[in-house]
Amino acid sequence: MWTMLAARGWGAAGVRLTAGLRGCAQQLPAIGTEEGAAEAPGAGPQHPGTAVRRGVRQIILNCQAELVALQKCEPSFHPALAIVQVNDDDMLEVKKLAEEVGLHVVHICLPEGTATEEVVEEITKLNEDPKIRGLVLPRGLAVSDAAINAMVPEKDVDGITDMNLGRLVRGNLSECFMPPAASAVMELLQQAGLTRPLQRAVNSQPCWCGTGVTYRPDRFHQSDVIVVTSPAPEGLGEDLLKADTTIIAYDLPDAVFNSSSSPQDFCRNEPGPSHDGIGLLIAALQIKNTVESSTRWLKQQQHKRWNLRPLKLQPISPVPSDIEISRAQTPKEIGVLAKEVGLHPTDIEAYGRNKAKVKLSPLDRLKEQPDGKYVLVAGITPTPLGEGKSTVTIGLVQALGAHLDVNAFACVRQPSQGPTFGVKGGAAGGGYSQVIPMEEFNLHLTGDIHAITAANNLLAAAIDARILHEGTQSDQALYNRLVPTINGERRFSPIQLARLTRLGIQKKDPRTLALDEVKKFVRLDIDPSTITWQRVVDTNDRFLRKMTIGQSSTEKGFIREAQFDIAVASEIMAILALTNSLDDMKNRLSNIVVANDRKGQPVTAEDVGVSGALAVLMKDAIKPTLMQTLEGTPVFVHAGPFANIAHGNSSVLADKLALKLVGEEGFVVTEAGFGADIGMEKFFNIKCRASGLQPDVVVLVATIRALKMHGGGPNVTAGKPLSKEYMEENLKLVADGCCNLQKQIQIAQLFGIPVVVAVNIFKTDTEAEIDLVCQIAKHCGADDAVPCNHWAAGGRGSVRLAEAVRRAADQKSSLKYLYDLKMPIVEKIRTIAQKIYGAEDIELSPEAQSKVDLYVSQGYGELPICMAKTHLSLSHQPERKGVPSGFILPVRDVRASIGAGFIYPLVGTMSTMPGLPTRPCFYDIDLDSDTEQVTGLF
């Protein structure tokens, strides 16, 4: 028989200690032996104090060696042990041993009486810190079960959470930690040679008393072993002891028991408390578990094939509406999907059940992992109805992930609510190849566009307010308000110090600026006629294309013409899509040029003093949103820049995260906006330059409908029925229209990337038409061309495409940019016009040429070019189909998105604020007041 005495504060832990004892008697090697080897034959029991010290030393040396080996494999890995302490609770042994091993120590001292909620809050912060690999809770506080179980099991190096103990009882030793206190007791019993009491202790029902345990004196008997974890309850004494009873006392004064029976008290080293014995051993075992936690964590970072559970599809014919299909599928809970693709619980921030923001921390955690294959989906010049690039993207990923058992991620743009309620509809894909839930995808999502709208309009308000205040105040009055005295102290803010540095003023004390320096500091002197920064709203509203602001009497005559753009046309959206990190985004936001001053010098968001606030508004928007396809494969939805005045691609960060998560044999499929002449060209020359990534394959989407249009078919107009030429077989129109397909294949080949043509099948297409397109595409240089039926059949309908993509990705390719950034701006524009569009030459208006000269003088001449032209033709004239030639491309204006990092020439008239049609989509959209379900959405 053996007895556990547990009182005051650690009663619950005492119970846990005993539970650990019962399951782990033979799990640890004997203390004091080299790397766990058995004692020499014939060696009898030795004094435990000596063995303990030698054992602790060996544990520490082993931990040191293991940590050194880990850091050789991962030099940037510096794990830490967090110690949560109450007042002056003595944790000195743990800290010293941790530092000796090479672990960083995070020491958190909480005041006595700290509420459970506050302890849980501290534990939650430590759970989320990837550097913390072990967590030790306070000994001196009555820690509640809620606080204990707030620890994630992988950091529970004391082995006291319910999850850890459950795994221990089940024998899952690779997923739990042996409680150091229990392990230390077993070691000491072995060292004392108490094999028979040990066997009885493990196999018999222990007795216990103390906090959280009912005291029943009739249950206590004379015992072979007594373990006391804190001062014993009153009324217990010599009646528990036999002449040879062993007392294991942790953290107790010497006089806890004073038995005339002279029991063995071998864990107290004479003289002094047990800190030098079992306490030191427990500390060493906590360190051992922390190093083991670090080892396990690093192993988890190594890429593994996903354990993805696809969702089953049961396509029906005729194919129902998108919203009906979406609602018929039950998506996986987003935390389950995140775990399946290798994300940790601390990597995600759930937005309800179906979507979650993903932090950027996995990029650092997985930085040594090789990237997967990178696939770009582009298209031929489309009809106004669109040719299904998004649907192909989703269908391809479903085929790879759900049918070919390949790790596959889709990366798509977030749709604007303008088209959603206007004429185009959503961008979730369609049919049986779409992102679900599609209404959440198309409406608000996680609020990124709203964050962009707020940031954009804050900057717009700041510009006009600054012009007003500079126009109505003296230099000194401005200075006093910009740098006020607060609580008797006057100081510059960090963003103001940065402005002083840019002005060449090396002063930090506001009292020391001379009058001319004050004037330079407070006067941005913005020329209102040069303001390029507009307000935005995520609604199609043609009446905001031009307006007059400042007409209220409070604006004191500061009236000017302005306009609204649609929110996705904001430069902040382009910045979000091109940024590589939070620091990069902050720098890009700072560099936004909003106007020129009256001397012709650029005025930036940082000059206005608002760039830090913009970063705050964008701190959550920078995280990609995780969703899933109809077949349960993962999708990142992030950013949605306008494909005309911006580059029209989803975010660099989403692509980079996905490439790490899929692993070397996996695939990431992303989509470019509009036709290959716009979206793909910008993807290569702008996005790839920003990201440093290189795609392995281009998938070029074509439809029989679009090819017939390019072959001379009647106009295709949104909202009007298709002409009979598009409903009946017409091989001549198809063959003639393949000139556009050939040109787009050649454009992809200019960049040195293999091309696979995906023929997106419509129910009116005939087998002869489809075969003809595939034959011509391969003759024109495509690696392969395959029909795709994913809209009606889901991923199964794109398996042939997925196999073709895998074959093409095995080829060696090398990305070639179209132009050198050092080329003059005009020559870069000419190169794009001639090599991509097929123009004979370009013609710049006087205004465009003056803008080019200005940007060169301001130091922006080496930025890439983002052409803004119609997507409905290779030329600047939407009505010219096929492959126009011999035309002069007119450039009427040239503008700059300096924060995003490109120059954008305007070709023809380019609206940045769409208008609503006569019958917008919103006529069909409603909300069921009983079920709260959206109706009529596509």
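Heads up: the structure comes first, above all this text.
Residues numbered from 1 in each chain as written. Predicted model: local features only at pLDDT ≥ 70, side-chain atom pairs only at ≥ 80, totals over all residues. Heavy atoms only, no water.

## A word on the overall build of the protein
- Counting secondary structure elements, the protein contains 32 helices and 33 strands.
- Carbon and sulfur atoms make up 51% of the accessible area of the protein, which totals about 38,800 Å². (Helix = DSSP H or I, 4+ residues; strand = E, 2+ residues; numbered from the N terminus. Areas by Shrake-Rupley, 256 points an atom, 1.4 Å probe, with all protein chains shown as cover.)

## A look at the pairing of strand S11 (residues 408-412)
- Among the 5 residues of S11, 5 are classified as buried, and the element is accordingly described as predominantly covered.
- Strand direction decides the pairing type here: S11 and strand S24 (residues 667-671), joined by 4 bridges, are parallel. What sits directly across from phenylalanine 409, in S24, is valine 668. (Buried < 20%, exposed > 50% of the residue type's maximum accessible area, 1.4 Å probe, protein only. Pairing = 2+ DSSP bridges.)

## Observations regarding helix H13 (residues 389-403)
- Given a rise of 1.5 Å per residue, 15 residues ought to cover 21 Å, and the 20 Å separating the end C-alpha atoms of H13 matches this to within 8%.
- Taken across its 15 residues, H13 has 14 buried, putting it largely inside the fold.
- Just beyond H13, the residue with positive phi is aspartate 405, at close to 55°. (Expected span 1.5 Å × (residues − 1).)

## Side note on empty space enclosed by the protein
- According to the stated counting rule, one finds 4 cavities of 30 Å³ or more in the structure shown.
- Put simply, the largest cavity is a space of about 50 Å³.
- In this structure, the largest cavity is lined by Gln414, Pro415, Gln417, Phe441, Asn442, Leu443, His444, Ile449, His450 and Asp538.
- Residues of the lining of the largest cavity, tallied by class, amount to 4 nonpolar, 5 polar and 1 charged. (1 Å grid on protein atoms, 1.4 Å probe; cavity = no way out; pocket = protein on both sides within 12 Å on 5 of 7 lines; lining within 4 Å. Points joined across faces, edges and corners; volume = space filled by probe spheres on them. Nonpolar A, V, L, I, M, F, W, Y, C, P; charged D, E, K, R; others polar.)

## Examining the packing of aromatic side chains
- On inspection of all chains with the given rule, the structure shows 10 aromatic pairs.
- Ring geometry for phenylalanine 77 and tryptophan 297: centres 5.6 Å apart, planes at 15°, overall stacked. Residue phenylalanine 77 is found in the loop between helix H2 (48-73) and strand S2 (80-86), and its partner tryptophan 297 is found in helix H9 (residues 278-301); the two are separated by 220 residues along the sequence.
- The class of phenylalanine 77 is buried, set by a relative accessible area of 6%.
- What links up through ring pairs into an aromatic cluster is the set Tyr374, Phe683, Phe684 and Phe751.
- Lying across the ring of phenylalanine 177, arginine 296 places its NZ or CZ 4.4 Å from the centre. (Phe/Tyr/Trp six-rings, centres within 6.5 Å; stacked < 30°, edge-to-face > 60°. Lys NZ or Arg CZ within 6 Å of the ring centre and 35° of its normal.)

## Here we look at the nonpolar core
- If you look at the biggest cluster of nonpolar residues, it comprises 145 residues, and the most contacted ones within it are Phe409, Phe636, Phe684, Leu741 and Val757.
- No other element matches the 8 residues that helix H16 (residues 448-472) contributes to this core.
- Leaving out residues up to four positions away in the same chain, phenylalanine 636 has contacts with Val358, Phe409, Ala410, Cys411, Val412, Pro624, Thr625, Leu626, Ala654, Leu657, Ala658 and Leu661.
- Membership of the second largest hydrophobic core comes to 36 residues, among which are Ile394, Met438, Val756 and Ala809. (Core = buried A, V, L, I, M, F, W, Y, C linked by side-chain atoms within 4.5 Å. Contact = heavy atoms within 4.5 Å.)

## A word on unusual backbone geometry
- Here the amide bond leading from serine 317 into proline 318 is cis, since omega sits at 0°, within 30 degrees of zero.
- Inspection of the secondary structure assignment puts proline 318 in the loop between H9 and helix H10 (322-328).
- Omega for the peptide link from isoleucine 436 to proline 437 comes to -10°, which places this bond in the cis form.
- With respect to the helices, strands and loops of the structure, proline 437 is situated in the loop between strand S13 (433-436) and helix H15 (438-442).
- One non-glycine residue with positive phi stands out, namely aspartate 405, at about 55°.
- Structurally, the position occupied by aspartate 405 is in the loop between H13 and S11.

## Topic: the layout of surface pockets
- In this structure, the second largest pocket occupies an estimated 1,500 Å³ of space.
- Lining the second largest pocket are 47 residues, with Gln300, Lys339, Leu343, His344 and Pro345 positioned closest to its centre.
- Among the secondary structure elements, those contributing two or more residues to the lining of the second largest pocket are helix H4 (116-128), helix H6 (162-170), H9, helix H11 (334-340), helix H12 (361-365) and helix H24 (652-662).
- Broken down by element, the lining of the second largest pocket gets its largest block of residues, 6 residues, from H9.
- Each residue belonging to the lining of the second largest pocket can be placed in one class, and the counts come to 16 nonpolar, 14 polar and 17 charged.

## Describing the side chain of glutamine 858
- Here glutamine 858 lies in the loop between helix H32 (846-857) and strand S29 (888-891).
- Its relative accessible area of 14% is what places glutamine 858 among the buried residues.
- Excluding its chain neighbours within four sequence positions, the residues that come into contact with glutamine 858 are Asn596, Gly600, Gln601 and Pro602.

Nothing here speaks to function; it is geometry throughout.
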